[in-house]
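Structural features, examined
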Amino acid sequence: MSSPRLAARRLAFVLLVAATVGLVAALLANMLRVNGTTPLEVLIFALTVVLLVPLAVSFWMAVAGFCVEMLGGDPLALRAEGPVAGPLPPTALVVPIRNEDPARVLAGLGATWDSLEETGLAAGFEIFVQSDTTDPRRWLDEELAVTEFTTRLAPRARVHYRNRPSNEGRKAGNIADFCARRGDRFRYMIVFDADSVMSGSTLVRLVQLMEEHPEAGLIQAPPLPVNRRTLFGRLQQFGAGAYARTWATGLSWLQGGDGNYYGHNAIVRVAPFETHCRLPTLPGRPPLGGSILSHDFVEAALMRRAGYRVYLVPDLGGSYEEPPPTLIDFAARDRRWCQGNLQHARLLRMPGLHPMSRLHLLLGVMTYLSAPIWILLLLVSTAEMLRQALGRHQYFAPGGSLFPIWEVSIEAQAQLLFGLTMGLLFLPRLLALVARMREARLFGGGGRLVRSGLAEALFSMLLAPVLAVAETGCVLSILLGRSSGWLSGPRDDRGTSLGEALRRHAGTTLLGIVWTLLIIRLAPALAWWMAPVLLGMVLAVPLSMLSSRVSTGEAARRAGLFITPEEVAPAPVLRRLRERLAALPPARDDRRSALERVLADPAVRDSHLRLVEQPGPRDALARHRLDGLVLKARVQGPPSLSDDEQRELLRDPQAVIELACATPGLPAQGLRARPS
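Residues numbered from 1 in each chain as written. Predicted model: local features only at pLDDT ≥ 70, side-chain atom pairs only at ≥ 80, totals over all residues. Heavy atoms only, no water.

Considering the sheet that holds strand β7 (residues 224–225)
- The strand order β5-β10-β7 describes an open sheet built from three strands, whose pairing is mixed. The sheet is open, and its two edges are formed by β5 (197–198) and β7, each paired on a single side. (Pairing = 2+ DSSP bridges. Helix = DSSP H or I, 4+ residues; strand = E, 2+ residues; numbered from the N terminus.)

Given below as structure tokens:
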């Protein structure tokens, strides 16, 4: 990419952002000083300017994306040249999972592999399921599912499975483990999430882009959210389909090869990743110390620091994921991301980072700090309005002035400022909808696209204060030292019960009610300005419940709302995924422990023994402990062992064989006792 042209773009962008922030800040300052500035107004001004910066960045990013789309594309964008010539270099599909539903994970992988085989170039790819699962039952389910999956695909696909003994480093550690153990065999790896699905043509195109651009260390294919039927899920899917491409196009136009990484649905050059992208461990305790949770931004920054480019290709297509089904699930995922992004504040001064990488890290931090700043701004603004409503203007200054000091109306300035702010917020959505009009039939038609855009804006306006309160709580809890941990979110549509909604949103509702009553009682004129915020807070519980229902999502679809291209004309890989998911047998409710199942069923035991890796040498104390666990299982039975104890036994093949030999009623043929 041409550096002078890219530098000119960035300079123009910075000037536009600065001019926008300066204009709005000047209007606000002029309005605040008309009748004398109070300390609260000074704080209002400072908080507003802080929030204006990311708002202006987002606004001009969308404007840039709209212009690029209308003009037919970015001449500097990363593109593949010509047809793909095989065979392809060795590429690993790496799927890190942790306590997921293995049937769902492998359904997505199966659909992806079927699509890849249609390209005729699947021979260059291998699948690696990298498990960090700690639940022994789920671990055993994974092994059985992988065994069945491998048998079904053999010999067409090479599938590998490993359950790590230690979950050190979480997902980033799991990927690093793959690179250390298997990375030297592969030029590239394409990282999946548990719910990732990608078309074969997209996978091949990613490899081709890497081959044609040796300076590229990482290429991100932006994933579109799909397959949700709840109203909340459909809102996310429509928002991404209608708006995200415009923002992503603008982001690609601005960042060029100095981009970011989303952690999945991306291709990575293995050798430099393994050499240069090892994450530092932050000093101190979690939540702000220890392992970095949001690893992807940091890995992109380290890759760029090593001299490799990081690209986003917004028009690549064929890349999908599944969004959280409910508002509560979205907030729970946000809690982990919040902790990870706040950790990035400690990396801003890391030596050698590219300025764009520092900007990515800073904007990631501001993504979550913006919520408490916005809530604080609303509270301070309310306090100032109440002060003005309850206070009395002093018409004659102390000292005996003969002339009164009249208050000057600032209504016109306030309306202008309000209009500018609404323009910064909603004009990008309008521009994106205009860009989508060229393919309106894929959104159900132009009328439905417009109605969906209006409805999505209304829902977003009501849900914004609920999410802001939740994110404010996240930031405060993290700053108070409470770590979020790492939990897998639900992968299926589900409804939020009244009890769960009350537990999660009671505080938001109470805040909204008290705030509303205070304003109506003391400053009723302010109620109209605050209505969208207060209404969203007061209705937090019913909004959360109704948006979590599949029934409301299906009702919206029947009304022609929130229709997406992936529903009107689904890609073949998505059709295959839905067919595979529909064909999954119902889950068996086997209440036996993992160890009981391994000992009772030879087929299960064989599957486990094929996939579990041989343990390293044990010292005398470790052997003694293992002998004790074997004895405990014999005397008291497998159910007497804790999950951790069962995992320890199941990790030793000879211990499993010894227990199987000693279990009454089991055939001992082919089994060999563990040597002492």
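Some points on the sheet that holds strand β6 (residues 216–220)
- Pairing is mixed in the open sheet, where seven strands are placed in the order β3-β2-β1-β4-β8-β6-β9. Strand pairing shows two members of the sheet lacking a second neighbour, β3 (159–163) and β9 (309–312), which therefore form its edges. Strand after strand, the sheet turns through a mean of 20° between neighbouring axes, direction not considered.
- With seven bridges joining them, strand β1 (residues 91–97) and strand β2 (residues 125–131) adopt parallel strand pairing. Each residue of the ladder has a partner; that of Ile-97, found in β2, is Ser-131.
- Along the sheet face, helix α6 (residues 200–212) touches β1, β2, β4 (188–191), β6 and β8 (266–269) and points at about 155° away from the line of β6. (Axes fitted to C-alpha atoms, helices over the stretch in contact; angles between N-to-C directions. Contact = heavy atoms within 4.5 Å.)

Describing the nonpolar core
- In terms of nonpolar packing, the biggest core is built from 58 residues, with Phe-125, Ile-219 and Leu-649 touching the most fellow members.
- The contacts of Ile-219, once residues within four sequence positions are left out, are Leu-78, Leu-206, Leu-209, Met-210, Ala-266, Ile-267, Tyr-311 and Val-313.
- Grouped together as the second largest cluster of nonpolar side chains are 29 residues, Ile-175, Leu-282, Val-298 and Ala-301 included. (Core = buried A, V, L, I, M, F, W, Y, C linked by side-chain atoms within 4.5 Å. Buried < 20%, exposed > 50% of the residue type's maximum accessible area, 1.4 Å probe, protein only.)

A look at the pairing of β1
- The buried count for β1 comes to seven of seven residues, which makes it a mostly enclosed element.
- Residues of β1 alternate between two faces, with Thr-91, Leu-93, Val-95 and Ile-97 on one and Ala-92, Val-94 and Pro-96 on the opposite face, all of them buried.
- Bridge count for β1 against β4 is four bridges, and the pairing is parallel. Residue Thr-91 lies in a different strand from β4, and its bridge partner there is Tyr-188.

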